[in-house]
Amino acid sequence: MGQQKLYDDIPGTIVFDSDQAAKGYQLNQFCISLRLAPNREAFKENPESYIDQFPMTPEQREAALNQQWNRLLELGGNIYYTSKLAAYHGINFQELAGLMTGKGSTAYREMMVAGGRPIDGNRYKSEWEDK
Amino acid sequence: MAHISSGVACSHVPALGVASDTGISGDDYYGPIFKGFEFSKQWMEQEKPDLIFLVYNDHCTAFDARIIPTFALGCASEYAPADEGWGPRPVPVVKGHPELSAHIAQSLVLDSFDITIMNEMEVDHGLTVPLTMMFGQPDQWPCPVVPLAVNVVQYPAPLGSRCYALGKAIRKAIESYPEDLKVCVFGTGGMSHQLQHERAGLINSAWDERFMNLLVNDPDQGSMIEHIEYLREAGSEGIELVMWYVMRGALNRNVEEIHRFYHVPASNTAVGHMILENRP
Ligand SMILES: [Fe+2]
């Protein structure tokens, strides 16, 4: 924990490593539970009591209930899990990326059709500093 | 004896499964992608493998955060398409080959690959999308499948070099199986893509091209690509490309590239696809 990691200097990226996985275990188990219809029903009926079955931190709980997608990743969530929570809200992978990048669905989709986010200028945090 | 005749590399973007299942695979957005696989479907009809050994990753479907095996070999007689949150894909149940699976499992462990054995497993888009791309929409998949699920969700995924070595051990296992079977090995996932946080949407076509060239011509070097390079250059989810090296390891040093297709984008991802035939 707290160690410098080789990938710390990649911008806009949370690598889901063992530290993040340990931090996000309950949060991710909550998200993945929504893969199944009966659980989605229960969550819809009473979000607060449903989520309380998963003993996560207050920050994680708040981020999950308020759909703070980047914050969820920072707090130990992984995209393959948080995407299930997104799907519950009717948000698909591409729309979710539109939200996380702050571009919005239309501009994000256009960026992808135009070839995606280029690698140049997006390798190192230092390249994002005057963004 | 069983033998390996060919390899297929193929992205497994979930949106391609949705496009096929909802009948929009011919539209302006998806049409060009499905077109790139028309050759492949014809090739498959000629090749007619008796069995597919399919390397893929599970996306928190069969394995949630409770259990994360690095390599898990399917040993069941069938694998049902899983509900990933919007109902199971309307595609045929995947038939297995439990006898061959058991043989491979034993051979791998005795060859120092301590894999996990899955006697029951549902399979997600990681496995079913490549079948759709290569076979279209048949009533039954034309041959049995032995699946190998690789952890690429929680970092670190196995090293490319380890995947490559595992491919070689899988080849040894298959070639020591007494039944006369023609086997095609699939490596799935990729290409460059990042699904998460502010850098989502990253695509690195130049890197993808170099990756495909190395895979064909210099896999000894390509399998040494380090995790940090995948993460930085191919995106945090692009690291699943290590799975292509399991497929490559199972083939001869000398292969002929029969087909290559590359397209940007499918949803958030660069689609890459290759067909490799073994050559002496
Ligand atoms: Fe994948």
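Refer to the structure above for everything that follows.
Below is a short write-up of the structure. (Residues numbered from 1 in each chain as written. Chains lettered and ligands numbered in written order. Predicted model: local features only at pLDDT ≥ 70, side-chain atom pairs only at ≥ 80, totals over all residues. Heavy atoms only, no water.)

With respect to the nonpolar core
Residues and elements named next belong to chain B. Core analysis: the largest hydrophobic core is formed by 68 residues, its most contacted members being Phe53, Leu73, Ile104, Leu148, Phe211, Tyr230 and Trp244. Top contributing element to this core by residue count: helix 6 (residues 160-175), with 7 residues. Residues in contact with Leu148, not counting those within four places in the same chain, are Phe53, Leu54, Val55, Tyr56, Phe71, Ala72, Leu73, Leu166, Ile170 and Val246. Membership of the second largest hydrophobic core comes to 41 residues, among which are Cys10, Ile33, Val91 and Met118. (Core = buried A, V, L, I, M, F, W, Y, C linked by side-chain atoms within 4.5 Å. Buried < 20%, exposed > 50% of the residue type's maximum accessible area, 1.4 Å probe, protein only. Helix = DSSP H or I, 4+ residues; strand = E, 2+ residues; numbered from the N terminus. Contact = heavy atoms within 4.5 Å.)

A short note on the interface of chain A and chain B
Listed as interface residues are 47 residues of chain A and, on the opposing side, 40 residues of chain B. Summed over both sides, the interface of chain A with chain B buries roughly 3,900 Å², with 57% coming from carbon and sulfur. Across the chain A-chain B interface, the total number found is 2 salt bridges. In this structure, Asp9 of chain A and Arg232 of chain B form a salt bridge, with 3.0 Å as the shortest nitrogen-oxygen distance. Linking chain A with chain B are 27 residue pairs in polar contact (both at pLDDT 80 or more), by the criterion used here. For the side of chain A that touches chain B, the elements supplying multiple residues, two or more each, are helix 1 (18-23), helix 2 (25-33), helix 6 (69-74), helix 7 (79-88), helix 8 (93-100) and helix 9 (105-113) of chain A. Residue composition of the side of chain A that touches chain B, grouped by class: 26 nonpolar, 11 polar and 10 charged. (Buried area = accessible area lost by both parts, 1.4 Å probe. Salt bridge = Lys/Arg side-chain N within 4 Å of Asp/Glu carboxyl O. Polar contact = N/O pair within 3.5 Å; in protein donor to acceptor, adjacent residues only side chain to side chain. Nonpolar A, V, L, I, M, F, W, Y, C, P; charged D, E, K, R; others polar.)

Section: the environment of Tyr164 of chain B
Residue and element names in this part refer to chain B. Here Tyr164 shows up in helix 6. Sequence separation of Tyr164 and Ile115 is 49 residues, and the distance between their C-alpha atoms is 15 Å. Those residues in contact with Tyr164 that sit more than four places away from it in its chain are Pro219, Asp220, Ser223, Tyr245, Val246, Arg248 and Gly249.

Considerations on a negative patch on the surface
Residue and element names in this part refer to chain B. A cluster of acidic residues, Asp50, Glu99, Glu179 and Asp180, forms a negative patch at the surface. Tracing the backbone shows Asp180 in the loop between helix 6 and strand 8 (182-188). The class of Asp180 is exposed, set by a relative accessible area of 62%. (Patch = residues over 30% accessible without salt bridge, like charges linked within 9 Å, V, L, I, M, F, W, Y side chains within 5 Å. Areas by Shrake-Rupley, 256 points an atom, 1.4 Å probe, with all protein chains shown as cover. Lys, Arg positive; Asp, Glu negative; His and termini not counted. Charge placed at Lys NZ, Arg CZ, Asp CG, Glu CD.)

Looking at the sheet that holds strand 1 (residues 3-10) of chain B
All names here are of chain B. The mixed open sheet is built from 8 strands, whose spatial order is 6-3-7-2-8-1-10-9. Each of the sheet's edge strands pairs with one partner strand only, and the pair in question is strand 6 (116-118) and strand 9 (255-266). Neighbouring strand axes in the sheet, compared pairwise and without regard to direction, differ in orientation by 20 degrees on average. Note: strand 3 (residues 71-74) against strand 7 (residues 145-150), 3 bridges, orientation antiparallel. Bridge assignment links Ala72 to a residue of strand 7, and that residue is Ala149. Contacting strand 1, strand 2 (51-56), strand 8, strand 9 and strand 10 (269-278), helix 3 (residues 38-47) runs over the sheet at an angle of about 25 degrees to strand 10. (Pairing = 2+ DSSP bridges. Axes fitted to C-alpha atoms, helices over the stretch in contact; angles between N-to-C directions.)

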